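# Structural description and commentary
Single-letter residue listing:
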Amino acid sequence: MLKSLRQLLSRHPAPAAELGVFQRWGESRQFRLRRVRDGQGCVLEGQLALQPCRVEWGASQRSYIDGPELRLLADLDL
């Protein structure tokens, strides 16, 4: 999953302008897409290896990251 996301972002350096790229990627993996309130990002929710997984793209939540941020959240059940 991470390899395909990295390839997606390297081919499309400004995906915030075109969320359709994320939508197509998510749909191909049976993830659901929601746009964030300000329209400058999205959230993909689904399952990876039978575990809940969430991918967030949008404005950085950390002061040391300039520009948009990609966040991956998963319940690893360790």
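Read on for an overview of the structure. (Residues numbered from 1 in each chain as written. Predicted model: local features only at pLDDT ≥ 70, side-chain atom pairs only at ≥ 80, totals over all residues. Heavy atoms only, no water.)

The strand order 1-2-3-4 describes an open sheet built from 4 strands, whose pairing is antiparallel. Either end of the sheet is taken by a strand with one partner, and the two such strands are strand 1 (32-35) and strand 4 (68-74). Sheet twist, expressed as the average angle between the axes of neighbouring strands with direction ignored, equals 15°. Sheet topology note: the strand 2 (residues 42-48)/strand 3 (residues 51-59) ladder contains 7 bridges and is antiparallel. Bridged to Leu-48 within strand 3 is Gln-51. The strands touched by helix 2 (residues 20-28) are strand 1, strand 2, strand 3 and strand 4; relative to strand 2, the strand with the most contacts, the crossing angle is about 15°. (Pairing = 2+ DSSP bridges. Helix = DSSP H or I, 4+ residues; strand = E, 2+ residues; numbered from the N terminus. Axes fitted to C-alpha atoms, helices over the stretch in contact; angles between N-to-C directions. Contact = heavy atoms within 4.5 Å.)

Relative to the elements of secondary structure, Ser-28 occurs in helix 2. A distance of 2.7 Å separates a polar atom in the side chain of Ser-28 from the backbone oxygen of Trp-25. (Polar contact = N/O pair within 3.5 Å; in protein donor to acceptor, adjacent residues only side chain to side chain.)

Leu-19, Phe-22, Trp-25, Phe-31, Cys-42, Leu-44, Cys-53, Val-55 and Trp-57 form the largest nonpolar core, which has 9 residues in total. Secondary structure elements with two or more residues in this core: helix 2, strand 2 and strand 3. If you tally residues by element for this core, the top one is strand 3, at 3 residues. Those residues within four positions of Cys-42 in sequence are excluded, and the remaining contacts are Leu-19, Phe-22, Leu-33, Arg-34, Arg-35, Val-36, Val-55, Glu-56 and Trp-57. (Core = buried A, V, L, I, M, F, W, Y, C linked by side-chain atoms within 4.5 Å. Buried < 20%, exposed > 50% of the residue type's maximum accessible area, 1.4 Å probe, protein only.)

Here Gln-30, not a glycine, exhibits a phi torsion of approximately 60°, which is positive. Position of Gln-30 among the secondary structure elements: in the loop between helix 2 and strand 1. For Leu-50, which is not a glycine, the phi torsion comes out positive at approximately 70°. Tracing the backbone through its elements, the reader meets Leu-50 in the loop between strand 2 and strand 3.

The subject of this paragraph is the packing of aromatic side chains. Tallied over the full model, the rule gives 2 aromatic pairs. When the centroid spacing of 6.0 Å and the interplanar angle of 55° are considered together, the rings of Trp-25 and Phe-31 count as tilted. Taken individually, Trp-25 and Phe-31 each receive the classification buried, so the pair is uniform in this respect. (Phe/Tyr/Trp six-rings, centres within 6.5 Å; stacked < 30°, edge-to-face > 60°.)

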